[in-house]
Each structure stands twice: as C-alpha cells, then as structure tokens.
Amino acid sequence: GKNSELDKISVLKWSEISNGMCKSIAEEIHNGRFQVLGKGQFKEEFVTCGGVKLKDVNMKTMESKIINGLYFAGEFIDVDAITGGFNLQAAWTTGYIAGRSMRESLLEKDDG
C-alpha cells in the first residue's frame, strides 16, 4: 500500500522519486495526523542561530533565490526572536507560506 511506497522513498535520491511518490508525500503531509502528548521539560525548548540568509529567500513564497523549487521554513532560515511564541509563529507562518507556494508550483506544472 501507500505506507510501503512512502517507506521506499526514504532510501531514494530526490531525482529518483516518481510523480506518484511525490503525490503520496504531499498527501501524507496534508492528511497526516499526529497526537501531541505533551512538551519537554522547562528550558529544553530553544532556538538555534544561523540558517539560510534571508537575502537568499523570496519571503513571499519562501523559495530559494538560488535554487528554484527549494523552499525553506522555520529554523532552516536565519531568524531569531525573543521567547514567548515569536519563533513558533515564525515557524508556523513560514511553513504555511512555503507549503502553499509548493502546492501552487506543483499545480502550475500539472497545468503546463
């Protein structure tokens, strides 16, 4: 079934992934459900510094300005903020933007 197809993807290079496999990944990302059981101990949550420089990212799509079709979100980009949810919001927002942009890019390819 689809789980075995997704398991096979983990050992392939990106260039070896078929359109069907790519759609399976997208479906899993879109429809996957996860149960949150709690959070870590106090002070275990932290933000790492560094990442892809903002000047190298189209902030409207989160796509790399250097490599077409490569998108970034969350801690992949070089954004730091004080604690209190700012970094979580940045991760959620950039993830949403990147996801929508990837979807639009894939739909454009299907139409073309």
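Residues numbered from 1 in each chain as written. Predicted model: local features only at pLDDT ≥ 70, side-chain atom pairs only at ≥ 80, totals over all residues. Heavy atoms only, no water.

### A short note on the overall build of the protein chain
Here is step 1: Per the secondary structure count, the protein chain includes 3 helices and 2 strands.
Here is step 2: When the helices and strands of the protein chain are read in sequence order from the N terminus, they spell out α-α-β-β-α.
Here is step 3: Residues counted as buried form 16% of the 112 residues belonging to the protein chain.
Here is step 4: Partitioning the contacts of the protein chain with sequence separation of at least 6, the portion at a separation of at least 24 is 45%.
Here is step 5: Surface accessibility of the protein chain: about 9200 Å² in total, with carbon and sulfur atoms responsible for 58%. (Helix = DSSP H or I, 4+ residues; strand = E, 2+ residues; numbered from the N terminus. Buried < 20%, exposed > 50% of the residue type's maximum accessible area, 1.4 Å probe, protein only. Contact = heavy atoms within 4.5 Å. Areas by Shrake-Rupley, 256 points an atom, 1.4 Å probe, with all protein chains shown as cover.)

### Digging into unusual backbone geometry
Here is step 1: Residues other than glycine seldom take positive phi values, yet Met-62 does so here, at roughly 70°.
Here is step 2: With respect to the helices and strands, Met-62 occurs in the loop between β1 (57–58) and β2 (63–64).
Here is step 3: On the basis of relative accessible area, Met-62 is assigned to the buried category, the value being 1%.

### A look at the side chain of Glu-63
Here is step 1: Structurally, Glu-63 can be placed in strand β2.
Here is step 2: Buried and unpaired, Glu-63 has no salt bridge, with Lys-109 as the nearest side chain of opposite charge at 7.8 Å.
Here is step 3: Polar side-chain contacts of Glu-63 include one of 2.5 Å to the backbone nitrogen of Gly-69.
Here is step 4: If sequence neighbours within four positions are ignored, Glu-63 has contacts with Asp-56, Val-57, Asn-58, Asn-68, Gly-69, Leu-70 and Tyr-71. (Lys, Arg positive; Asp, Glu negative; His and termini not counted. Salt bridge = Lys/Arg side-chain N within 4 Å of Asp/Glu carboxyl O. Polar contact = N/O pair within 3.5 Å; in protein donor to acceptor, adjacent residues only side chain to side chain.)

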